[in-house]
Amino acid sequence: MKRNDKTLLIDRYITGKLEDTELWEFKTNLEKDANLAREVKLRKEIYNAISNEQKMDLLKTLRNIRTSRTKHVFNINIYSRQVQAFAASIIILLAVGAGLLSNYIGNTHESNYDIYNSYFIDEGSLISNRSDVSTNNSLVETGIILYENKKYNEAISMFDSNPENVLARLYSGLAYMKLEKFNQAEKQFKYIINHHDNILIDQAEWNLGLSYLANNKIKQASNIFAKIASENGAYNKQADDIINELENN
Amino acid sequence: MLQYTTQEILKGILENNSIIIQSIYDNYFHGIKKFIEKFGGSKDDALDVFQDGIIVIYEQMKSGEIKQISNFKGYFFSICKFKWFNTIRNGKFEEFTNIDFEDILPAFEYKQVSDSWSEVFEKENRVKVYFNSFMELSSTCQMMIRYVAYGWAIEDIAAEMNFSVVYTYRKRQLCLNKLIEIVTQKLNENNKL
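Presented here is an overview of the structure given in this document.

Cut-offs and rules
- Residues numbered from 1 in each chain as written.
- Chains lettered and ligands numbered in written order.
- Predicted model: local features only at pLDDT ≥ 70, side-chain atom pairs only at ≥ 80, totals over all residues.
- Heavy atoms only, no water.
- Axes fitted to C-alpha atoms, helices over the stretch in contact; angles between N-to-C directions.
- Helix = DSSP H or I, 4+ residues; strand = E, 2+ residues; numbered from the N terminus.
- Parallel < 35°, antiparallel > 145°, perpendicular 65-115°, else oblique.
- Contact = heavy atoms within 4.5 Å.
- Core = buried A, V, L, I, M, F, W, Y, C linked by side-chain atoms within 4.5 Å.
- Buried < 20%, exposed > 50% of the residue type's maximum accessible area, 1.4 Å probe, protein only.
- Disulfide = S-S within 2.5 Å.
- Buried area = accessible area lost by both parts, 1.4 Å probe.
- Salt bridge = Lys/Arg side-chain N within 4 Å of Asp/Glu carboxyl O.

What to know about the packing of helix α3 (residues 34-51) of chain A against helix α8 (residues 139-150) of chain B
Then comes step 1: Two numbers describe how α3(A) lies on α8(B): the axes approach to 9 Å, and their chain directions differ by 105 degrees. In this view, α3(A) runs roughly perpendicular relative to α8(B), as classed from their interaxial angle. Here α3(A) contributes Y47(A), I50(A) and S51(A) to the contact with α8(B), which in turn contributes I145(B), R146(B), V148(B), A149(B) and Y150(B).

Looking at the nonpolar core
Then comes step 1: Counting residues in each nonpolar core, the largest one holds 78 residues, and the members touching the most others are F26(A), I24(B), F50(B), I57(B), F72(B) and F76(B).
Then comes step 2: In terms of residue count, the dominant contributor to this core is helix α3 (residues 43-63) of chain B (ten residues).
Then comes step 3: Not counting residues up to four positions away in its chain, the partners in contact with F72(B) are T6(B), I9(B), L10(B), I13(B), I24(B), Y28(B) and I57(B).
Then comes step 4: L167(A), F182(A), A204(A) and F225(A) belong to the second-largest nonpolar core, a separate cluster that totals 45 residues.

Description of the side chain of S139(B)
Then comes step 1: Assignment of secondary structure puts S139(B) in helix α8.
Then comes step 2: Given the relative accessible area of 16%, S139(B) is considered buried.
Then comes step 3: Leaving out residues up to four positions away in the same chain, S139(B) has contacts with L139(A) and M158(A).

Details of helix α8 (residues 138-148) of chain A
All names here are of chain A.
Then comes step 1: Among the eleven residues that make up α8, ten are buried, leaving the element largely enclosed by the rest of the structure.
Then comes step 2: All buried positions along α8 are accounted for by S138, L139, V140, E141, T142, G143, I144, I145, L146 and Y147.
Then comes step 3: Looking one or two residues beyond α8, the residue adopting positive phi is K150, at roughly 65 degrees.

Side note on unusual backbone geometry
Then comes step 1: Despite not being glycine, K150(A) has its phi angle at roughly 65 degrees, a positive value.
Then comes step 2: Take K150(A): it is sitting in the loop between α8 and α9 (152-160).
Then comes step 3: In this structure, N16(B) takes a positive phi of about 55 degrees despite not being glycine.
Then comes step 4: Looking at where N16(B) falls in the secondary structure, it is placed in the loop between α1 (6-14) and α2 (18-38).

Some points on the state of the cysteines
Residues and elements named next belong to chain B.
Then comes step 1: Enumeration over the complete set of coordinates arrives at one disulfide over all chains.
Then comes step 2: Residue pairing for C141: its cysteine sulfur links by disulfide to C175, the two sulfurs lying 2.1 Å apart. The sign of the S-S torsion, about -75 degrees, decides the handedness of the disulfide formed by C141 and C175: left-handed. With a gap of 34 residues between them, C141 in helix α8 and C175 in helix α10 (residues 165-192) connect regions that are remote in the sequence.
Then comes step 3: The class for C141 is buried, based on a relative accessible area of 8%.
Then comes step 4: You can call C175 buried: its relative accessible area is 0%.

Some words on the interface of chain A and chain B
Then comes step 1: Counting residues at the interface gives 37 residues for chain A and 47 residues for chain B.
Then comes step 2: Taking both sides of the interface into account, the surface hidden between chain A and chain B amounts to around 4,100 Å²; carbon and sulfur atoms contribute 64%.
Then comes step 3: Here chain A and chain B share six salt bridges between them.
Then comes step 4: Residue D11(A) is joined to R172(B) by a salt bridge in which the shortest nitrogen-to-oxygen separation is 3.0 Å.
Then comes step 5: Secondary-structure elements contributing two or more residues to the side of chain A that touches chain B are α1 (6-14), α3, α4 (53-69) and α8 of chain A.
Then comes step 6: No other element matches α4(A), which puts 14 residues into the side of chain A that touches chain B.

Take a look at the structure:
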């Protein structure tokens, strides 16, 4: 490592770490070298911006709002003949396909997955907007932004670097659910539940139940939904509904 | 209508209260977008302007420059419209270059306009580029550059991140080069607009 490395010298100059002789020499070079002066100015501005954490946080908030408002919406004219013909052919194909499939696989798994599908709601934005849930960890925040941008694999990598952070675990679980990797999702939710003292247990239990359901682990799913239904939490009514649906299945 | 008082809104912006900022968006973005679309802009432009408007108010609150504001909406709209007016006057949209700002703004909004906003916008454009470039880096690079910006010695960064000193030295160099490259590219793109 060279102590007189140019970029290191710039850093030490910007952060006031140069000693007297070095400082004098550096300032002389700055006066002579316009490129160096430009680089120092740019680097100084960048460092000032980055180290202003309050401002960075505000920009992140604005970025999140922007991201959530720029999702693409596809408009389809349902009155168009082509669209109607296309939809009709899809329905016929689906009907034929479903008939054929039912000869090969049991109905139960499919309907469990249907139940899962009808109850799973992406709660990511609801969680990050909750006033009682916050994180000062920039990696977790970056992961949340990636999650909200539907970059689930990249988000998981961020959350993985914070294995003790329960918010990261919850988001990681949700990201795995989005990727339909329910075994991995289960692990994340179980960690939160076993961690006990945290405010995300309700969400963890609910999503663990849904992951079991999607994974066709009916016994485990029934047990956890029964527990949720017996408590006075946010999901007790829905858990009760799922138990009824499973019983009628 | 916003359910918060002007003082609560200003405090909310200063303290990065996401509920209040979201509420400003929900209540006022549509109006800003309509104005910008009327003068040649898009929803994306409106999102940019909304962000710039909030940042100007944040900076004014920070520096104590902000005067008594009785009507947040009027003040915020003045800033956003002034920002867009500057953009179109700077040649992005030829058909609007001869418009006089006073003619297109309600009198109570025009009264609040300050030339000092232009300086803040210019400075903030660069800060936005730095922020967006920084966010494109890997998490390791972000962390490392943040420590560099705080003035930490390589040895301290290495210890904090559990890397060897030699690796930290190399990685720091790579991260900085990458950041400068992205920043330069974005600044050049902005200058071309």
